[in-house]
Amino acid sequence: MSDPSCLFCRIARREIPAKIVHEDDGLVAFWDVNPQAPTHILIIPRDHIPSLNDLEPKHRDVIGDVHLLARELARAEGITSGGWRVVMNCGADAGQTVFHIHLHL
Ligand code: AMP
Ligand code: ZN
């Protein structure tokens, strides 16, 4: 499911330009436009899930998949031995500004 008004759905559909580093049937990864670290990539499912509050058991695989892709991209970026962090903000009070789940790498 895709939301025509959602920024990240539009990036996934390539309607809005982004520095995409990975895409497959289920996921898209692209550089954060305002990076907070030397490597700052966002990993999103193509499926429009607004936040972790909307997570259901059927999303189990996608939650695993975003982390497996984070590991793959960390390797590609050469940061596995130095260390890396993932963050997923949930809700406005936690700093979520784009309501399409995304894993910050
Ligand atoms: P959050 O605050 O957790 O919702 O994270 C949203 C992130 O999306 C922020 O780090 C923004 O810099 C980033 N962002 C917003 N618009 C774009 C865009 N058009 N392309 C890439 N990253 C974006
Ligand atoms: Zn969306």
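Structure's up top.
Residues numbered from 1 in each chain as written. Chains lettered and ligands numbered in written order. Predicted model: local features only at pLDDT ≥ 70, side-chain atom pairs only at ≥ 80, totals over all residues. Heavy atoms only, no water.

### A few points about the packing of aromatic side chains
Under the criterion given, the structure shown has 1 aromatic pair. Measuring from centroid to centroid gives 5.2 Å for Phe8 and Phe30, while their planes differ by 75 degrees, and the two rings are edge-to-face. Residue Phe8 is found in helix H1 (residues 7-12), and its partner Phe30 is found in strand E2 (residues 27-31); the two are separated by 22 residues along the sequence. Each member of the pair, Phe8 together with Phe30, is buried. Lys19 extends its terminal NZ or CZ atom over the ring of Trp31, reaching a point 5.0 Å from the ring centre. (Phe/Tyr/Trp six-rings, centres within 6.5 Å; stacked < 30°, edge-to-face > 60°. Helix = DSSP H or I, 4+ residues; strand = E, 2+ residues; numbered from the N terminus. Buried < 20%, exposed > 50% of the residue type's maximum accessible area, 1.4 Å probe, protein only. Lys NZ or Arg CZ within 6 Å of the ring centre and 35° of its normal.)

### Examining unusual backbone geometry
In this model, Arg14 sits at a positive phi of 60 degrees, which is unusual for a non-glycine residue. Positionally, Arg14 belongs in the loop between H1 and strand E1 (20-23).

### Here's the deal with the pattern of salt bridges
Where side chains of opposite charge bring their charged atoms close, a pairing between them can arise. Tallied over the full model, the rule gives 5 salt bridges. Linking Arg13 and Glu15 is a salt bridge whose minimum nitrogen-to-oxygen distance equals 2.8 Å. Given the relative accessible area of 34%, Arg13 is considered partly exposed. On the basis of relative accessibility, which here comes to 42%, the residue Glu15 falls in the partly exposed class. In this structure, a network of salt bridges that share partners links the residues Arg10, Arg13 and Glu15. (Salt bridge = Lys/Arg side-chain N within 4 Å of Asp/Glu carboxyl O.)

### A look at the coordination of the zinc ion (ligand 2)
Looking at the metal site, the zinc ion (ligand 2) is ligated by Cys6 (SG), Cys9 (SG), His48 (ND1) and His100 (ND1), spaced 2.0 to 2.3 Å from it. Its 4 donor atoms give the zinc ion (ligand 2) angles of 107 to 116 degrees at the centre, a pattern that matches the tetrahedral case. Sequence positions of the residues that donate to the zinc ion (ligand 2) give the spacing C-x2-C-x38-H-x51-H. Of this pair, Cys6 sits in the segment before H1 while His100 is found in the loop between helix H2 (60-77) and strand E4 (103-104), placing the two residues 94 residues apart along the sequence. Exposure class is identical for Cys6 and His100. Each is buried. (Donors = N, O, S within 2.8 Å, 3.2 Å for Na, K, Ca; no water. Tetrahedral: all angles 85-135°; square planar, octahedral: opposite > 155°, others 65-115°.)

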